[in-house]
Structure formats: C-alpha cells, structure tokens
Amino acid sequence: MSILEIQDLQLRFGDNQVLNGLNMTVPEHAVFGFVGRNGAGKTTTMRIVLGLLKAQGGTVTVCGERVRYGAAKTNRHIGFLPDVPEFYGYMRPLEYLKLCGEIAGLPPQSIRRKSEELLELVGLDAANRRISGFSRGMKQRLGIAQALLNEPRLLICDEPTSALDPIGRKQVLDILSAIRGQTTVVFSTHILSDVERICDRIAVLEQGRLVLSGTLAEIQKQHRRNSFSIRFAEDHEARKFSQLEELNKPGIELSLQDQVLTIVIEGEAAAGRLLIDLLSREKIAPEKFEAIEPTLESLFAEVVQ
Amino acid sequence: MEILQEYWPFLLPLILAQLVLLITALMHVLKHQNYRFGSRTLWIIVVVFFQILGPVAYFVFGRGEDG
Amino acid sequence: MNHYIVFVKKELLEYARTYKLLVMTVVFVIFGITNPLIAKLTPELISSFVPEGMTITIPEPSALDAWAQFFKNSQQVGLIVLVLVFSGVLSSEVAKGTLINLLTKGLSRQAVILAKYSAMALVWSWSVVISALLTWVYTVYLFPVDPLSNLVFSIFCLWLFGGFLLAVLLLGATLVRSNYGSLLVTGAGVLILTVLNVIPQAGKYNPTALVTKSMDLVAGTIGLPPLYASLGITAAATLALIGLAVLVFSKKQL
C-alpha cells in the first residue's frame, strides 16, 4: 500500500505556476528522496501535504485519507521536521518532548518512555540542558525526535541536512537510515550525495512536475547508456584502436584523451562484447576496461535541462 | 543612622529585592553573548549602576532570546 | 480544554524562565514597600529643603497618602512595566516559528490565545495582590489605623483595567507582526480612551474611569455606583477583545 499519494496537484502564485500536475506515490517503508533545485516547489508540496497550504487542484492522500486544508486530521499519521526547526530555548529536550506529547494527547507514561528512547536514538540523551545552547545539528536531531514522538507512519523532512556541517549531516543521515523499516521517510534535498547514501527511491521535481522517479537501481538501469572507458598502456595502441573501422561509423562516439578512450555506443545491447572482441582481435591488453554507470549528478543535469 | 534604625523593616527587604535583581541580571549578562542591542560592557554598567531600573531594562529590552 | 491547560503551564514556565515573572514580582514588591515609606518620609524631606527660619505647615501624613502612592505607582510605572514585559507575547513566537511546529501537531489556535491571556492575567493578579498586601502591612505598621472606604473595590478596578490592557495588547499582537506592533496598538488605544474623556458625558462609561477615580473611592468622596457603567463596559470590552483576538488568530496565515 502506498503511504502518500499525490495526484495532479496544481498550484499557482500569481504568474508563477509552482506545481503543474504533480503526481507522486510513496510506498510504505521507503526512504524517499525528493530532489529538485532550490525553488522547484519541494517545500510547497510538503506544506500542502501537511494541510498548511491550499492547492488549487488535485488530491493528496495520506494512509488512504484525503488531506484537507486547515483541519488536517491526516497529520496524526505524519511527523514533520521543518528545514530550520525552532524550539523554546528555555526548555530542556525532555520538557519539549513532553509538551509535544501532551499536545498530541499521548498518555504520560508512554510520553516519558518514548522520549527517552528517541533522545537515545538521536544521541541527545546526555544533553540534559537548555535548548538555547544547542548547535544547529543538535536542534536538527531534536527535530527528528519530536517528529517521531507519536510514532508516525510517515516522516517528512524538509532539507534536513542543508544547514549542517559535514559531521552534523552524517549524524542526521545515520539517524534517518536507522529508522528505515519502522517508518516511511520522505525527505527533500538538493544534495545528491545524501540521496545516494540513504534513499532507495527518488523523485526529481522540475517545473512543477516529476521528471524522473523510481528506485535508484531502476533509474540507473533505464538511463544507462552503453558507455565505456578503456585505458591503454601505450599511446600507439590507443591511436590504433580509436581508428578502427568498426568504431568509426554513425551511432558511435569516441573521445580520446591521453591514453583513455571513452566510447558511447547507441542502441547496441552487446556493445561491451563487441569492444572486448575488438581488443582481443587487435591483441591489445588494456590497463583498465570499465562500463560507465550514470551518476545521479549526470542524470539530474540531464533531466533538469 | 537614625533613619536606619527606625526604618530597617523597610530597608532590609528593599535592599534584598534590589540585590536579587542585580545578581540575577549580572549573572545573565555574563553568561550570554547575545543581546538585542548594546554590548556586554554597556549592560554591566547599566545593571550595576542604575538600581532596579538597570536590571529591569536589561530583562525587558536587552536580554537576547531564550533562557 | 486539555490543550488550554497544557499551554497555560507552558506559558507560566516561560515567564518563570525568561525572567518575566521575576521582573513583575520585584517591581511590585518594591512598590509595596516604598508606597507607605514615601508617604511617611515626604514631609520630612520637604522640611529639610525648606530654608532655616521659614515655617511651612505640612499636614501629618496618613494611611490615605500611602494608598495614594500605591495607586499612582501601579497605574503609571506598574502598567507600563506590565505592557512592556508582555509586549512580545505572541509576535516573538510567531516570528521565530516555535508555534508552527506545535500547531502542525494539532494544537488548537483558540487554546493558544486563551492560554496566553490567562497566564498573563495570572501574573498581573499576583503582582497586584502582592503589592497591595505589602502596602497594607507596612501602612498598618507606620500609620494609625484610618477607616478607608472601598479599598478592595478600588484595587479590583485597577486590576480589571490591567486585564483590559492585556486584552488590547493581545489583540494588537494578533493584528501586527512585529514585537513593537502590540505596544503601538496598546499605546494608541490608551491615547484614544484618554482623548475621549474630553466629551463630558463619556467619562462615566470610559474604562479609564476605573483608574482615575481610585482615590475618590478610597477617600470616600464617591461611592461605588458612579463606576458601575465603566466597570460593565470594561469587562464586556475585555471579553470582546479576547474573542476578537481568537477570531483573528484562527484566520491568520502563519
């Protein structure tokens, strides 16, 4: 079953068509990376899902229930971490979690137990002091704890790592990895390496609609082109190989740099075998033979053109 | 001196209240770096030399956000 | 109801930890002690400034003078401190974003406004009570017991006026985004009310009557009935302002 379903979402601010028929489905237990340029509409989409903003068309369903603007009862399924979470600086972490738990209507004993568990999970169990002295990373981690307090089925994080230094980023990503399986995580980001590290599914938002979505493996497979790189031991081998008749025909791109030849062969399923055959026919043993996987960066750059 | 003897039931709690205010304000100034405006030196002078008004002004106008 | 109690507790913790409660308490304690003292010492101070050989007659100070000090201090500096201390009551939370997180967890906006008003009113009540009690204790200690009329009623009027100002402040905070917006609205409100007193018949109904007639009440030159109109209007206006604040805040895009 899918936890979050967005269908044909439309939103326009004045002349600016922010969302233009956005369709997105997040299956249960996914760690879902919601990628897009700054200003692509990620935060806007999240605010609509939380019922904080009214869409002009389309539907959003969380755990099978329609989201309604203003009185979003669906929020009981959702934990939300804003991009820069703000807390009452005069409170201690346990006090803040208690306040959140009381507002969510949880019974006192379970608030206490759950709070301690979560502070341990996010590594703040020893930080029993006022939040005003917390670093950004600590606040972000407390933000995750408060979002998980009511055991939500869906955790939504808005750019959880962008404001953090490398250590803080690693800690936040590790926590999000650790809760994989317990809850579904949707997080927006423009940092692709974060997505590669922890996500199993991604969706790329561009001009108000998804231009790319699926599991990471699927996407890479779909967009894999027959690209190879061969490094030769000798210059003359490289030159000789690149001048072969079989490789100098339409549909094949060659580029030689020093002793590295990059070859893109379109539409040829057995391209790798062809190259190996050629190599052995010419009796050339390359130093390195590699099929080039598309990087997320190159894919992103491609779809966002 | 005569006034002191006659009015100690007034002066004692007054001085006490003033001291409480002075000490809490001074500790707060020294423990924090962020003020809504003004520098640490300014607030120390204000808190120490302007009785009652100084600490009140610090807590109402000068204290940065949070705790 | 549950959210209301939870949020009142949160507000009171905030006031205690951000020194709002301390400032209010110390200011009103100091008033409580100095009110009778100043009343007692003023004649001595004046006579020490009078040149040798000159004699002026200064009436012997009494309990009435101590209470005159109480009303003067509470109504001027006291109310100003009250409004200043609570000027950021809503705007700072909205600006900083601390409230939005709790609202997405389902916290009712109505509960936020009602709880904030209740908690402020509680601190104001505490301040008035402690200041009045201290003034009373020290007045009894310093002066012969005079029969004073309507003292409790007059203090009640002062308290109600403070409550009215807090309601104006809170409505101002829902209307204007900045910290100083609420102060501005409150200042403008008081100014308008003061100007309204120019109209001869308006004074009777004006909330300001609650604080301008205090000493007349205590001295016994007027009784309670002349204040009933103002009392009713102030109470009704306070409730209406709070209701309006709830309404404005629930429609507000945060």
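See the structure shown above.
Residues numbered from 1 in each chain as written. Chains lettered and ligands numbered in written order. Predicted model: local features only at pLDDT ≥ 70, side-chain atom pairs only at ≥ 80, totals over all residues. Heavy atoms only, no water.

A.B. asks: Mind laying out the overall build of chain A, listing which residues take part and the relevant values?
C.D. replies: Within chain A, the secondary structure is distributed over 10 helices and 14 strands. Here the C-alpha atoms of chain A give a radius of gyration of 25 Å, more than 25% beyond the 19 Å that 2.2 N^0.38 yields for 305 residues. Along the three orthogonal principal directions, the C-alpha set of chain A runs to about 75 × 45 × 35 Å. Burial analysis of chain A (305 residues in total) assigns 50% to the buried set. In chain A, once contacts between residues fewer than 6 apart in sequence are set aside, the share between residues at least 24 apart is 66%. Just so you have it, chain A exposes about 14,800 Å², and 46% of that area is on carbon and sulfur atoms. Here chain A carries 37 positive and 39 negative side-chain charges, and the mean point of each set is 7 Å from the other. (Helix = DSSP H or I, 4+ residues; strand = E, 2+ residues; numbered from the N terminus. Rg over C-alpha atoms; globule rule 2.2 N^0.38 Å. Buried < 20%, exposed > 50% of the residue type's maximum accessible area, 1.4 Å probe, protein only. Contact = heavy atoms within 4.5 Å. Areas by Shrake-Rupley, 256 points an atom, 1.4 Å probe, with all protein chains shown as cover. Lys, Arg positive; Asp, Glu negative; His and termini not counted. Charge placed at Lys NZ, Arg CZ, Asp CG, Glu CD.)

A.B. asks: Just give me the short version of the sheet that holds strand E9 (residues 201-206) of chain A, but keep the residues and values in it.
C.D. replies: All names here are of chain A. With respect to topology, six strands assemble into an open sheet ordered E6-E7-E8-E3-E9-E10, the strand pairing being mixed. Each having just a single partner strand, strand E6 (78-81) and strand E10 (209-215) make up the two edges of the open sheet. Between one strand axis and the next, the sheet turns through 15 degrees on average, direction left out of account. In this sheet, E9 lies alongside strand E3 (residues 31-36) in parallel orientation, the contact comprising five bridges. Along E9, the bridge assignment pairs Val35 with Val204. Along the sheet, helix H4 (residues 136-148) makes contact with E6 and strand E7 (154-158), crossing E6 at roughly 165 degrees. (Pairing = 2+ DSSP bridges. Axes fitted to C-alpha atoms, helices over the stretch in contact; angles between N-to-C directions.)

A.B. asks: Tell me what's going on with the sheet that holds strand E5 (residues 65-66) of chain A, and back it up with residues and numbers.
C.D. replies: Residues and elements named next belong to chain A. Pairing in this open sheet of four strands is antiparallel, and the strands run E2-E1-E4-E5 from one edge to the other. The sheet terminates laterally at strand E2 (16-27) and E5, the two strands that pair on one side only. Relative to strand E4 (residues 57-62), strand E1 (residues 2-13) runs antiparallel, the two sharing five bridges. Across the sheet, the residue bridging to Glu5 is Thr61, located in E4. Strand contacts of helix H1 (residues 42-49): E1, E2 and E4, with the helix running at about 115 degrees to E1, the strand carrying the most contacts.

A.B. asks: Before we move on, could you go through the pairing of strand E8 (residues 184-189) of chain A and cite the residues and values that matter?
C.D. replies: Residue and element names in this part refer to chain A. Most of E8 sits inside the fold, with six of its six residues counted as buried. Neither face of E8 is open: one carries Thr184, Val186 and Ser188, the other Val185, Phe187 and Thr189, and all of them are buried. Note that E3 and E8 share five bridges and pair parallel. Looking across to E8, one finds that Gly33 is bridged to Phe187. In this sheet, E8 lies alongside E7 in parallel orientation, the contact comprising five bridges. Each bridged residue has a counterpart across the sheet, and for Leu155 the counterpart in E8 is Val185. Each parallel crossover has a hand, and the one from E7 via helix H5 (residues 166-178) to E8 is right-handed. (Right-handed = clockwise from strand over helix to strand, strands pointing away.)

A.B. asks: Mind laying out the packing of helix H3 (residues 63-85) of chain C against helix H6 (residues 109-142) of chain C, listing which residues take part and the relevant values?
C.D. replies: Residues and elements named next belong to chain C. Taken N-terminus to C-terminus, the directions of H3 and H6 make an angle of 155 degrees; their axes are 11 Å apart at the nearest point. By the angle between their axes, H3 is roughly antiparallel relative to H6. The way H3 lies across H6 gives a crossing that is right-handed. The segment H3 lies against H6, with Ala63, Ala66, Trp67, Phe70, Leu79 and Leu82 engaging Trp124, Ser131, Ala132, Thr135, Trp136 and Thr139. (Parallel < 35°, antiparallel > 145°, perpendicular 65-115°, else oblique. Left-handed = near helix turned anticlockwise from the far one by under 90°.)

A.B. asks: Can you explain the interface of chain A and chain C? Please cite residues and give values.
C.D. replies: Each partner contributes residues to the interface: chain A has 21 residues there, and chain C has 23 residues. For the chain A and chain C pair, buried surface summed over both sides reaches about 2,000 Å², with 54% attributable to carbon and sulfur atoms. The largest per-residue losses of area from chain A upon contact with chain C belong to Tyr88(A), Tyr90(A) and Ile103(A), which jointly make up 35% of the total buried on that side. At the boundary of chain A with chain C, the tally comes to two salt bridges. In this structure, the salt-bridge partner of Glu95(A) is Arg17(C), at a minimum N-O distance of 2.9 Å. For the pair chain A and chain C, the number of links is 10 residue pairs in polar contact (both at pLDDT 80 or more). Elements with a contribution of two residues or more to the side of chain A that touches chain C: helix H2 (93-104) and H4 of chain A. Considering each element in turn, the side of chain A that touches chain C owes the most residues, six residues, to H2(A). A per-class count over the side of chain A that touches chain C returns 13 nonpolar, two polar and six charged. (Buried area = accessible area lost by both parts, 1.4 Å probe. Salt bridge = Lys/Arg side-chain N within 4 Å of Asp/Glu carboxyl O. Polar contact = N/O pair within 3.5 Å; in protein donor to acceptor, adjacent residues only side chain to side chain. Nonpolar A, V, L, I, M, F, W, Y, C, P; charged D, E, K, R; others polar.)

A.B. asks: Please provide a residue-by-residue account of the pattern of salt bridges, values included.
C.D. replies: Enumeration according to the criterion identifies 25 salt bridges over all chains in this entry. The partner of Glu290(A) in a salt bridge is Lys288(A), with the nearest N and O atoms 4.0 Å apart. Among the residues examined, Lys288(A) registers a relative accessible area of 40% and is labelled partly exposed. A salt bridge links Lys10(C) to Glu11(C); the nearest nitrogen and oxygen atoms lie 2.7 Å apart. A relative accessible area of 0% means that Glu11(C) is categorised as buried. Each of the salt bridges in this network shares a partner with another, and the network as a whole consists of Lys10(C), Glu11(C), Glu14(C), Glu93(C) and Lys116(C).

A.B. asks: Describe in detail the state of the cysteines, supporting the description with residues and values.
C.D. replies: Residue and element names in this part refer to chain A. Following the criterion strictly, the structure yields zero disulfides over all chains and no others. Free of any disulfide, Cys63 has its nearest neighbouring cysteine sulfur in Cys157, separated by 16 Å. Of the cysteine sulfurs around Cys157, a residue in no disulfide, the closest is that of Cys199, at 10 Å. (Disulfide = S-S within 2.5 Å.)

A.B. asks: Break down the packing of helix H2 (residues 20-49) of chain C against H3(C) for me, citing the residues and quoting the values.
C.D. replies: Residues and elements named next belong to chain C. It is at 8 Å that the axes of H2 and H3 come closest, and there the two elements cross at 160 degrees. One element, H2, and the other, H3, form an angle in the roughly antiparallel class. Where H2 crosses over H3, the handedness of that crossing is right-handed. Contacts between H2 and H3 involve Lys20, Val23, Met24, Val27, Phe28, Phe31, Asn35, Pro36, Ile38 and Ala39 from the former and Asp65, Ala66, Gln69, Phe70, Asn73, Ser74, Val77, Gly78, Val81, Leu82 and Val85 from the latter.

A.B. asks: Before we move on, could you go through the packing of aromatic side chains and cite the residues and values that matter?
C.D. replies: Applying the stated rule across the entire model yields 20 aromatic pairs over all chains. Ring geometry for Tyr88(A) versus Tyr96(A): centroids 6.1 Å apart, planes at 55 degrees, classification tilted. Each member of the pair, Tyr88(A) as well as Tyr96(A), is classed as buried. Relative to Tyr138(C), the ring of Phe10(B) has its centre 4.5 Å away and its plane inclined at 35 degrees; by these criteria the two rings are tilted. Within this pair, whereas Phe10(B) is found in helix H1 (residues 2-31), its partner Tyr138(C) is found in helix H6, the two belonging to separate chains. Assessed through its relative accessible area of 0%, Phe10(B) is described here as buried. Each member of the aromatic cluster is reached from another via a ring pair, and the members are Tyr35(B), Phe37(B), Trp43(B), Tyr58(B), Phe59(B) and Tyr19(C). Just above the ring of Phe249(C) sits the side chain of Arg109(C); from NZ or CZ to the centre is 5.7 Å. (Phe/Tyr/Trp six-rings, centres within 6.5 Å; stacked < 30°, edge-to-face > 60°. Lys NZ or Arg CZ within 6 Å of the ring centre and 35° of its normal.)

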